[in-house]
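Examination of the molecular architecture
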Amino acid sequence: NLEFTAFCVDLGWEAPHEKSDFDVLPIVISDRNLGHDNPQLFQLPREAILEVHIEHPDHDLFSMLNMRWYAIPAISNMGVDIGGVYYQTCPFNGWYAITEIARDLLDRQRYDLAEAVAVACNIS
């Protein structure tokens, strides 16, 4: 998300020297105590990030796309009501079906890599 990336940079986050479409952004937290106008950044240590590099066994050009995906999807912007107590940033993780990953990588409104993948796989 370009808008969120720009927001993180405005807060002081330094993008990697070798940028890619798959850079892992920091965690951004704001709360009532610190003030929502004073969000804090938390960079995940590299060794805590498990990514899967996406390659094709028959098409060497495919690896030049440098596509990767995170192994465990996790979000923390959902709220949940448990016993009348509302937890506003409840962490959640799940799993992916291959169709979800393919849509994220290929759909125009997402990574829009359909044409690049077709070229790499010699599909015309």
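Keep in mind that what you see is a predicted model, and the values were worked out from it rather than measured. (Residues numbered from 1 in each chain as written. Predicted model: local features only at pLDDT ≥ 70, side-chain atom pairs only at ≥ 80, totals over all residues. Heavy atoms only, no water.)

**Structural notes on the overall build of the protein chain**
Summing up its helical and strand segments, the protein chain has four helices and six strands in all. Helices (α) and strands (β) of the protein chain occur, in sequence order from the N terminus, as α-β-β-β-α-β-β-β-α-α. Summarising its shape, the C-alpha atoms of the protein chain cover approximately 55 × 35 × 30 Å along the three principal directions. When burial is assessed residue by residue, the protein chain has 17% of its 124 residues classed as buried. Pairs at least 24 residues apart make up 31% of the contacts formed inside the protein chain by residues separated by at least 6 positions. For the protein chain, the exposed surface amounts to about 10000 Å²; the carbon and sulfur share of it is 55%. Here the protein chain holds 7 positive side-chain charges and 19 negative ones, and the gap between their average locations is 4 Å. (Helix = DSSP H or I, 4+ residues; strand = E, 2+ residues; numbered from the N terminus. Buried < 20%, exposed > 50% of the residue type's maximum accessible area, 1.4 Å probe, protein only. Contact = heavy atoms within 4.5 Å. Areas by Shrake-Rupley, 256 points an atom, 1.4 Å probe, with all protein chains shown as cover. Lys, Arg positive; Asp, Glu negative; His and termini not counted. Charge placed at Lys NZ, Arg CZ, Asp CG, Glu CD.)

**Considerations on the packing of aromatic side chains**
Considering all chains together, one arrives at four aromatic pairs under this definition. Centroid distance W69 to Y111: 5.9 Å. Interplanar angle 75°. Geometry classified as edge-to-face. Placement of the pair is W69 in strand β4 (residues 68–70) and Y111 in the loop between α3 (98–106) and α4 (114–120), with a sequence separation of 42 residues. Three or more aromatic residues link up through ring pairs in this structure, and these residues are F22, W69, Y70 and Y111. (Phe/Tyr/Trp six-rings, centres within 6.5 Å; stacked < 30°, edge-to-face > 60°.)

**Re the side chain of D107**
If you trace the backbone, D107 turns up in the loop between α3 and α4. Given a relative accessible area of 19%, D107 falls into the buried group. Setting aside residues up to four positions removed in sequence, D107 forms contacts with A102 and D112.

**Comments concerning α3**
For α3, the set of buried residues is I101, D104 and L105. Projected down its long axis, α3 carries its buried residues within an arc of 95°, all on one side. (Arc of directions from axis to C-beta.)

**A few points about a nonpolar patch on the surface**
Taken together, the side chains of I27, I29, F42 and L44 define a hydrophobic patch exposed on the protein surface, amounting to about 330 Å² of accessible area. Along the polypeptide, F42 turns up in strand β2 (residues 40–42). (Patch = residues over 30% accessible without salt bridge, like charges linked within 9 Å, V, L, I, M, F, W, Y side chains within 5 Å. Salt bridge = Lys/Arg side-chain N within 4 Å of Asp/Glu carboxyl O.)

**Here's the deal with the nonpolar core**
F22, F62, M67, W69, I101, L105, L113, V117, A120 and C121 form the largest nonpolar core, which has 10 residues in total. Looking at this core, the elements with two or more residues in it are α3 and α4. L105 has contacts with F22, I54, M67, W69, Y111, D112, L113 and A114, leaving out every residue within four places of it along the chain. (Core = buried A, V, L, I, M, F, W, Y, C linked by side-chain atoms within 4.5 Å.)

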